[in-house]
Amino acid sequence: MPAPTSSPGLDHAIPPTAARKVDFISQSHLNPSTELNPVPTRGIDPAFFRTYVRTLEEAGYDYTLLPYGSGGPDSFVAASAVGQLTERLRPIVAVRPNTAFPLVVAQQLATLDQLTEGRAVVHLISGGNDAEQARQGDYLPKQRRYARTSEFVDLLRRAWTEPAAFSHEGEFYRFDDFGPGLRPHGDTIPISIGGQSDEAFEIGGRQADVFSFWGEPLADIRAQIDRVHAIADAAGRPRPRIWVTFRPIVDRTDELAWRKAYDYAERIGRTFREGTYGLRSLTGSGTPQNVGSQRALHFAAGADVYDRALWTRTAAATNAGGASTALVGTPETVAAAILDYIDLGADLVSIRGYDNLADARDYGTHVIPLVRQELAHREATGQRGSLQVEHQGALAPGFDADALAGVR
């Protein structure tokens, strides 16, 4: 196995890029089926869903993503349920601009925001897979889909803020005398955009409030953050918040965690090959079309382990079908790895597991508090604590994931 890449020097000085406050995100699951243990389901298990979202709130998460797919539950209806089942958790509604007219989406989001007293967020998915887009009648080429998203964003914001009726005739949308529209609870609703293509960076940097990444090696994430910030700076607008996503695999000791990681990669790969969890319908078995998945596979081909704890074999097992890179180790090691990304400027951290409900509970008990304790220490002392120095994971001399997992 190639040696893990090195992270920046570990000392007590807080990097100037470090985020001071961090919010945690999960993804809501509406039934108990997982990539580890796919079970037959009609799609929604109301009792499980109620338990799941309440668990997220109790675990200390700040946001939950309601994903969108052509064969899955409607994200707006699910987000409304989250809003009514919780008091603090903020629902992030995934929306694909091909599925609804922007003025209708603006109305839906403003309604959700008022019902939840300002908790609504929207994540726009331009679409990275032609076959999945075609399932709902969208045949635009990928580059034009991002142009449509740009027009969509402008119209969302105008619908929420224009004081009088307005008309519009653009490349993708046309209407007359709309408005004034329904306003959100506050001034606006945060808009998130993700993707790794040039078009995604350009639109995200110029227009988004949040830009999202999948978990990548630290040096690569640093370069990507710099890129999106430079685009925002050139456009004269505030820099987007940075959202990074990981799938942590945690246990009491490093040895147990790495044994679990190897077992998970094998089980997830089997689920993907058998097509029992729906991932194959999104990515297929050939080269993925979206740049994010291509990058994930590139990193997986280069090494299994990067930096302190980043594990890429789970991405390889699914042909990078969605966010699939893990952080592996004890809760302390995983918390330290999350802090490495916070030090680069990430201030929205998505951690969702492969054993969905159990992992959400474990993260809330063992991982999230460690990160928040470290941030509180920094706020109080102006220095980093010892967590990143004491729990080096794959950076430790002589580290060997294969040996820890007992695969030799």
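- Looking at an unreviewed UniProt entry, the chain carries the name LLM class flavin-dependent oxidoreductase, with the source organism given as Pseudonocardia benzenivorans.

1. Overview of the nonpolar core
- Within the largest apolar cluster, 83 residues are counted, with the highest numbers of intra-cluster contacts made by Y61, L124, V244, I338, I342, V349 and I351.
- Discounting residues that sit within four places of it in the chain, Y61 has contacts with F24, I25, S26, L56, R88, L89, I351, A360, Y363 and I368.
- Listed in part, the 18 residues of the second largest apolar core include L36, I249, A265 and I268.

2. Some points on the sheet that holds strand β8 (residues 210–214)
- On the basis of which strands lie adjacent, the closed barrel formed by eight strands has the order β1-β2-β3-β4-β7-β8-β9-β14 and parallel pairing. Going across the sheet, the axis of each strand differs from the next one's by a mean of 25°, ignoring polarity.
- The strands touched by helix α5 (residues 142–161) within the sheet are β3 (90–95), β4 (121–124) and β7 (191–194), with β7 carrying the most contacts at an inclination of about 175°.

3. What about helix α10 (residues 291–302)?
- The terminal C-alpha atoms of α10 lie 17 Å apart, and with 12 residues this matches the ideal 16 Å at 1.5 Å per residue to within 8%.
- All of the buried residues in α10 are G292, S293, A296, F299 and A300. For α10, the angular spread of the buried residues around the axis is 120°, confining them to a single face. Turned more than 90 degrees from where α10 packs its buried face, H298 and A301 sit exposed.
- On its buried face, α10 sits against β8, α7 (218–235), β11 (305–306) and α11 (313–317).

4. Considerations on the environment of V244
- Relative to the helices and strands, V244 resides in strand β9 (residues 241–246).
- Relative accessible area serves as the criterion here: at 0%, V244 is assigned to the buried category.
- Taking the C-alpha atoms as reference, V244 lies 13 Å from Y63; in sequence the two are 181 residues apart.
- Among all residues touching V244, those that are not within four sequence positions of it are F213, I221, Y341, A346, L348, V349 and S350.

5. Section: the pattern of salt bridges
- Inspection of the entire model under this criterion finds 25 salt bridges.
- Taking the shortest distance from any N to any O, the salt bridge between D251 and R252 comes out at 3.9 Å.
- Notably, a salt bridge pairs E266 with R270, separated by 3.7 Å at the nearest N-O pair. With E266 and R270 both in helix α8 (residues 254–274) and four residues apart, the pair spans about one turn of that helix.
- By relative accessible area, E266 is classed as partly exposed at 44%.
- On the basis of relative accessible area, R270 is assigned to the partly exposed category, the value being 36%.

Cut-off values and rules
Residues numbered from 1 in each chain as written. Predicted model: local features only at pLDDT ≥ 70, side-chain atom pairs only at ≥ 80, totals over all residues. Heavy atoms only, no water. Core = buried A, V, L, I, M, F, W, Y, C linked by side-chain atoms within 4.5 Å. Buried < 20%, exposed > 50% of the residue type's maximum accessible area, 1.4 Å probe, protein only. Contact = heavy atoms within 4.5 Å. Pairing = 2+ DSSP bridges. Helix = DSSP H or I, 4+ residues; strand = E, 2+ residues; numbered from the N terminus. Axes fitted to C-alpha atoms, helices over the stretch in contact; angles between N-to-C directions. Expected span 1.5 Å × (residues − 1). Arc of directions from axis to C-beta. Salt bridge = Lys/Arg side-chain N within 4 Å of Asp/Glu carboxyl O.

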